[in-house]
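Notes for the structure review
The chain contents come next:
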Amino acid sequence: VLQAFMIDPSHMEALKEKRLPFYGNLPDFFSFLGTKSKGCDHAVYLQECDYKKNEYTIWSWGSTYTVTREMLLGYPTDQPLAPPTNNMYTWNTGVVCAAITADQLTIS
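The structure reproduced in this document is the subject of the present report. (Residues numbered from 1 in each chain as written. Predicted model: local features only at pLDDT ≥ 70, side-chain atom pairs only at ≥ 80, totals over all residues. Heavy atoms only, no water.)

1. Quick notes on the side chain of T57
Within the secondary structure layout, T57 lies in strand 2 (residues 55-60). Of the polar contacts made by the side chain of T57, one reaches the side chain of T66; its length is 3.4 Å. Not counting chain neighbours up to four residues away, the residues in contact with T57 comprise Y45, L46, Q47, E48, T64, Y65 and T66. (Helix = DSSP H or I, 4+ residues; strand = E, 2+ residues; numbered from the N terminus. Polar contact = N/O pair within 3.5 Å; in protein donor to acceptor, adjacent residues only side chain to side chain. Contact = heavy atoms within 4.5 Å.)

What follows is the structure, given as structure tokens:
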């Protein structure tokens, strides 16, 4: 997702304005990112959120970018080429695979 923001910020802004999720709405030149996620591969930090404005600032790979609720969560979908999940989880078109909440983190 960060690559898409860096390569074509205007396309990403258009998705935000239309309140569309990221996956499933990629132009052809983003084909290297795939049309579906192959799963989680790193952690991101939700730095700031403004629910009323539908703006959520994510920190990832040393940069921040603002996405919408639709980009974060997407819509439920199937993933025929992805590993199976249990009945508690579903695949989605959002950029977040899972989330945890914490009052404090300690890295040692």
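2. A look at the environment of A99
Along the chain, A99 turns up in the segment after strand 5 (91-92). Accessibility expressed as a relative area gives 70% for A99, which makes it exposed. Residues A99 and L46, 53 residues apart in the sequence, show an inter-C-alpha distance of 9.8 Å. (Buried < 20%, exposed > 50% of the residue type's maximum accessible area, 1.4 Å probe, protein only.)

By themselves, these are just geometric observations and shouldn't be taken as functional.
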